[in-house]
Amino acid sequence: MSEISFSLSELNLQVRDAIRDHLPDTYWVRAETSDVRRNQNGHCYFEFIEKDAKNQHIVARARATIWSNTYSILAAYFETETGQPFVSGLSVLARVQVEFHELYGYSLSVVDIDPSFTIGELARNRQLILKQLEEEGVLTLNKELTLPALTNRIAVISSPTAAGYEDFCDQLTNNAYGFAFYTKLFPAIMQGERSEASVISALEKIYEYKENFDAVAIIRGGGSSSDLSCFDSYLLATNCAQFPLPILSGIGHERDVTVVDAVSHTRAKTPTAVAEFLISRASETLVELMNLQQRLVDKSEQIMQTAQNRLDEISRRMIHSSNLFVHSELSAVQQLSVILKHQTGRLLQAEKHFVSEKSQYIRMVSPENVLKRGYTLTLKNGKIIKSAKEVSQTDVIETIFADGRVQSTIKRLPSK
């Protein structure tokens, strides 16, 4: 007996018609919001998710839409009633209409929201964990650590295949200043059920070699809000909060601040932003060193000039005293001359010692030594360039290395 067959579109149309026939009404649904975003046309797209109460695993998921004409009314009403915008991580009670499109599949269209049913498990869980960490006295421990002035030895926790990790390394390697950064990847699973244990394991490995690093960068690419659940766990958060090295988080999700973001030393929106933070910090340190060098030179010259002025004054007084008392006070003048010569010698010795110490320190922080450690200086018309804004296309710039100089012409500036 032959069986009836359908094309995929025919079957999907059958499903669509069946849903319309059997689920024609709207229904109140309890769920959490995830990955909420509004496009330029004013439509709001997001996901409804449901978690198992025991292990917090996602057990149901559905795409959802609030069309622009409805969203403009519901969003304002929701924020007025609850005091917070319609965002990810909220538990909501929404009236929905079930839809099935033969091309885009199953989704829910939201027509109403009950604002009294608001703060969901994700947001509530974050607040409970943060409160617990605060009560235990560890919430701000990592923020209280001192980030070294030159932070260039970075332990990185990321998936080795993540685009965010590649962007992070590329940004550091090709920085405009030529700064040298040393990174070591500690691979980890960055989403899913095993991610929490995987990231903690990477932290434990870094702890064994903590003397070799200045900071830890935890980075990942973007993804839906529900993919970030491991970064809202108490166990991972308490490990990060109490870690002995400053933690820089670049989880790559601008709309959500996770618990790990909250306890880390510095939070950036993306992996690239973490790299930019490190480059900016190194640039500020270089400027401070160059300013210190100039202050030392100026101070040394001032000290030497003061010493010379004092010697000149002593000499003038000796001549004047000798002329006045050459006949009657020759003996006293001779004694004064001996004393002055002795004092002058001691003064000169002390000033020479001070100048020697300052000169030694100047040599240590001199541009030549800075250049030998892998840095470069870029000049335009003989002046140091401190920002990309100072150059224009076709400008000729000069880059100073430890072993020579090269000239370059700006052919293209990065897009802003």
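Quick note: structure is the one above.
Here the structure is a predicted model, which is why all the values come from computation and not from measurement.

Caption draft 1: Looking closely at the pattern of salt bridges. Considering all chains together, one arrives at 12 salt bridges under this definition. Two residues, glutamate 211 and lysine 210, come together in a salt bridge whose shortest N-O distance is 3.6 Å. Taking relative accessible area as the criterion, glutamate 211 reaches 53% and is therefore assigned exposed. Across the pair arginine 316 and glutamate 313 runs a salt bridge, and its minimum N-O distance is 2.6 Å. Linking arginine 316 with glutamate 313, this pair stays in helix H8 (residues 271-325), spanning three residues, or about one helical turn. For arginine 316, a relative accessible area of 49% translates into the label partly exposed.

Caption draft 2: Structural context of helix H4 (residues 163-173). Among the residues making up H4, those that are buried are Gly164, Tyr165, Phe168, Cys169 and Leu172. One face of H4 carries all of its buried residues, which in axial projection span an arc of 135°. Those residues of H4 that are exposed and angled more than 90 degrees off the buried face are Ala163, Glu166 and Thr173.

Caption draft 3: A look at the environment of isoleucine 218. Mapping isoleucine 218 onto the fold places it in strand E8 (residues 215-219). By relative accessible area, which is 1% here, isoleucine 218 ends up buried. When the C-alpha positions of isoleucine 218 and methionine 190 are compared, they lie 9.4 Å apart, and in sequence the two are 28 residues distant. With near-sequence residues (within four places) excluded, isoleucine 218 lies in contact with Ile157, Met190, Phe231, Cys240, Ile247, Leu248, Ser249, Gly250 and Ile251.

Caption draft 4: Representation of the sheet that holds strand E10 (residues 266-267) within the structure. An order of E7-E6-E8-E9-E10 is seen for the five strands of this open sheet, with the pairing classed as parallel. Each end of this open sheet is capped by a strand with a single partner; those strands are strand E7 (182-187) and E10. In the sheet, strand E9 (residues 247-250) pairs with E10 via two bridges, with the strands oriented parallel. Within the sheet, the bridge partner assigned to leucine 248 lies in E10 and is threonine 266. Packing against the sheet, helix H5 (residues 195-208) makes contact with strand E6 (153-158), E7, E8 and E9, and its axis sits at approximately 160° to E6.

Caption draft 5: The arrangement of the sheet that holds strand E3 (residues 58-66) in detail. Read around the closed barrel, the five strands follow the order E1-E2-E3-E5-E4; overall the barrel is mixed. Geometrically, the sheet is characterised by an average inter-axis angle of 55° between neighbouring strands, direction not taken into account. Looking at chain direction, E3 and strand E5 (residues 105-114) are connected through two bridges and run parallel. Paired with alanine 64 across the bridge in E5 is leucine 108. On top of the sheet, helix H1 (residues 8-22) reaches strand E1 (26-38) and strand E4 (91-101); it is set at about 130° to E4, its chief contact. Set on the sheet, helix H2 (residues 68-82) makes contact with E1, strand E2 (44-51), E3, E4 and E5; between it and E5 the angle comes to about 45°.

Caption draft 6: Up close: the pairing of strand E13 (residues 396-401). When strand E11 (residues 377-380) meets E13, the two strands line up antiparallel, connected through three bridges. If you follow threonine 378 over to E13, its bridge partner there is threonine 399. Across six bridges, the pairing between E13 and strand E14 (residues 404-409) is antiparallel. If you follow isoleucine 397 over to E14, its bridge partner there is serine 408. Linking E13 back to E14 in an antiparallel pair, the connection comprises two residues.

Caption draft 7: Broad picture of the packing of aromatic side chains. Summed over all chains, the structure comprises seven aromatic pairs. Ring geometry for phenylalanine 186 against phenylalanine 213: centres 5.9 Å apart, planes inclined by 75°, an arrangement best described as edge-to-face. Of this pair, phenylalanine 186 sits in strand E7 while phenylalanine 213 sits in the loop between H5 and E8, and the two are 27 residues apart along the sequence. Judged by its relative accessible area of 11%, phenylalanine 213 falls in the buried class. Between tyrosine 207 and phenylalanine 243, the aromatic rings sit 6.4 Å apart at their centres with planes inclined by 70°, giving edge-to-face as the arrangement. Linking tyrosine 207 in helix H5 with phenylalanine 243 in the loop between helix H6 (234-241) and E9, this pair joins segments that are 36 residues apart in sequence. Put simply, the rings of Phe46, Phe48, Phe78 and Phe86 touch in pairs and so form one group of aromatic residues. The residue whose ring lies beneath lysine 210 is tyrosine 207, and the NZ or CZ to ring-centre distance is 4.2 Å.

Caption draft 8: Summary view of the environment of serine 34. Turning to its location among the elements, serine 34 is positioned in strand E1. The exposure class of serine 34 is buried, given its relative accessible area of 0%. With 13 residues separating them in the primary sequence, serine 34 and glutamate 47 have C-alpha atoms 5.1 Å apart.

Caption draft 9: Highlighting a nonpolar patch on the surface. On the surface, a cluster of nonpolar side chains totalling about 400 Å² of accessible area is made up of Ile4, Phe6, Leu11 and Val15. For valine 15, the position within the fold is in helix H1. When its relative accessible area of 31% is taken as the criterion, valine 15 is described as partly exposed.

Rules and cut-offs
- Residues numbered from 1 in each chain as written.
- Predicted model: local features only at pLDDT ≥ 70, side-chain atom pairs only at ≥ 80, totals over all residues.
- Heavy atoms only, no water.
- Salt bridge = Lys/Arg side-chain N within 4 Å of Asp/Glu carboxyl O.
- Buried < 20%, exposed > 50% of the residue type's maximum accessible area, 1.4 Å probe, protein only.
- Helix = DSSP H or I, 4+ residues; strand = E, 2+ residues; numbered from the N terminus.
- Arc of directions from axis to C-beta.
- Contact = heavy atoms within 4.5 Å.
- Pairing = 2+ DSSP bridges.
- Axes fitted to C-alpha atoms, helices over the stretch in contact; angles between N-to-C directions.
- Phe/Tyr/Trp six-rings, centres within 6.5 Å; stacked < 30°, edge-to-face > 60°.
- Lys NZ or Arg CZ within 6 Å of the ring centre and 35° of its normal.
- Patch = residues over 30% accessible without salt bridge, like charges linked within 9 Å, V, L, I, M, F, W, Y side chains within 5 Å.
- Areas by Shrake-Rupley, 256 points an atom, 1.4 Å probe, with all protein chains shown as cover.

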